[in-house]
Amino acid sequence: MSPEKLSPEEILEGIKKMTIRGAAEIGRKASLALRLFAEREFEADMVKYLAKLESFREKALATRPTAVTLWSGVTKTLAGASAANSSEELLKLVKRNSEEFIERSHRAVEIIAEMGARRIPQDAVLLTTCNSTAAVAAIVKAHEQGKVKMVYATESRPKRQGWITVRQLAEKGVPVTMIVDPAVRYHMKRIDMVIVGADTIASNGAIINKIGTSQIALIAHERRVPFVVCAETYKFSPRTFHGEMVPIEERDPREVIDPEKFPGVGVSNPVFDATPAEYVDAIITEVGIIPPFAAYEIVVHNFGLEILRLEESEKGMTDDL
Ligand code: RI2
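Predicted model only: the values in this text are computed from it and were never measured. (Residues numbered from 1 in each chain as written. Predicted model: local features only at pLDDT ≥ 70, side-chain atom pairs only at ≥ 80, totals over all residues. Heavy atoms only, no water.)

(A) Seen up close, the overall build of the chain. Tallying secondary structure elements over the chain gives 11 helices and 10 strands in all. Here the C-alpha coordinates of the chain stretch approximately 65 × 50 × 35 Å along the principal axes. The proportion of buried residues among the 321 residues of the chain is 55%. In the chain, the proportion of contacts linking residues at least 24 apart, taken out of those at least 6 apart, comes to 75%. Mean positive and mean negative side-chain charge positions of the chain (42 and 45 charges, respectively) differ by 6 Å. (Helix = DSSP H or I, 4+ residues; strand = E, 2+ residues; numbered from the N terminus. Buried < 20%, exposed > 50% of the residue type's maximum accessible area, 1.4 Å probe, protein only. Contact = heavy atoms within 4.5 Å. Lys, Arg positive; Asp, Glu negative; His and termini not counted. Charge placed at Lys NZ, Arg CZ, Asp CG, Glu CD.)

(B) Examining the nonpolar core more closely. Counting residues in each nonpolar core, the largest one holds 66 residues, and the members touching the most others are Leu90, Met188, Val194, Phe227, Val229 and Ile283. Residue contributions to this core peak at 10 residues, all from helix α2 (residues 23-40). Here this core spans two domains, and each of domain 1 (3-108) and domain 2 (109-305) adds at least three residues to it. With residues up to four places along the chain from it excluded, the contact list for leucine 90 reads Met46, Tyr49, Leu50, Leu53, Ala81 and Ala84. Core analysis: the second largest hydrophobic core is formed by 22 residues, Ala124, Ala134, Val140 and Cys230 among them. (Core = buried A, V, L, I, M, F, W, Y, C linked by side-chain atoms within 4.5 Å. Domains from an automatic or database assignment.)

(C) Seen up close, the site of the ligand. Around the ligand, the structure places 18 residues, and the nearest of them are Thr133, Asp199, Asn209, Lys210 and Lys235. The separation between an oxygen atom of the ligand and a polar main-chain atom of alanine 134 is 3.4 Å. When the free accessible area of the ligand is taken as 450 Å², the share hidden by the protein chains comes to 100%. Elements with a contribution of two residues or more to the shell around the ligand: α2, α6 (133-144) and β6 (207-210). Residue composition of the shell around the ligand, grouped by class: seven nonpolar, six polar and five charged. Structurally, the shell around the ligand is a two-domain feature, drawing no fewer than three residues from each of domain 1 (3-108) and domain 2 (109-305). (Near = heavy atom within 4 Å. Polar contact = N/O pair within 3.5 Å; in protein donor to acceptor, adjacent residues only side chain to side chain. Areas by Shrake-Rupley, 256 points an atom, 1.4 Å probe, with all protein chains shown as cover. Nonpolar A, V, L, I, M, F, W, Y, C, P; charged D, E, K, R; others polar.)

(D) Spatial organisation of the domain arrangement of the chain. If you check the domain split of the chain, you get domain 1 (3-108) and domain 2 (109-305). Averaged C-alpha coordinates put domain 1 and domain 2 at centres separated by 26 Å. For the pairing of domain 1 and domain 2, the buried interface totals around 2,200 Å² over both sides, and the portion due to carbon and sulfur atoms is 55%. Seen at the junction of domain 1 and domain 2, the total is two salt bridges. Its salt-bridge partner being glutamate 110, residue arginine 107 comes within 2.8 Å of it at the nearest N-O pair. The tally of links between domain 1 and domain 2 comes to 19 residue pairs in polar contact (both at pLDDT 80 or more). Elements that contribute at least two residues to the side of domain 1 that touches domain 2 include exactly α1 (8-17), α2, α4 (68-77) and α5 (87-119). Broken down by element, the residue count for the side of domain 1 that touches domain 2 peaks at six residues, all from α5. Classifying every residue of the side of domain 1 that touches domain 2 by side-chain character gives nine nonpolar, five polar and eight charged. (Buried area = accessible area lost by both parts, 1.4 Å probe. Salt bridge = Lys/Arg side-chain N within 4 Å of Asp/Glu carboxyl O.)

Quick look at the structure:
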């Protein structure tokens, strides 16, 4: 069913269960859910109305903890909410903010695709992991320009989002080879560039992306293969500027094995990891190709200086973004 036809609660459930997934997409859909909730739950008492929206925002944030895109989506959707003069004004604002966020997010991916394609060398043999809309868009664009010789895509256990990537690339006619996750080092000798997405970028330039990304970066570093990240600016986390660590989502062990078939065996299933900035050659954003150490400038550009003041964040950060 298309997300527009789902209830706000069903959208949140979809994000939690990962039927709706991908960092950018969960941000957009969380914003949409908040807008649909605001329409359905409209009430004239603005204090009560705002409290309801805030509480729905909290529920949305609890669905998946790692990708800051979800936070950016719902935060931008409520930006300026407390300054509204009436519930009608508030609803209008929420609708406009949400539409703008979603539109800008799609546009950002288009721009990243253009810039990413320019960065991909002629006759490139690429490697990607998991399923990133932004990275896939850049690869497809480069393919349309006749630049891509082959893409190696990891399977990306445990959820195997690599299957989505290989299908998307094959559908567009991009030459693609799927490999199992432990085969990355074996194949790295033939790779010209690693190109991946991101869920969150921390204030120190570390890239939080699908589990295993940091190992790929380490192997690329060892062989001097450029490691490039495609990430919209709302993936830079202002929260890390205030000392918050990026929480790494630990998902159900049943994604890895059936515990009943392995009695007495513990399972750890962290689904993201952090790649240190020193292993990252460039981040391709919609405002330009930047080094990971430019994270500070990006946050200021995207949210304004206020976001960096601790007092502002303690007020809830939703007020005046
Ligand atoms: P886009 C995904 O997370 C992957 O980690 C992927 O690299 C990242 O989001 C970025 O995806 P998950 O939802 O925003 O599969 O580029 O856990 O689509």
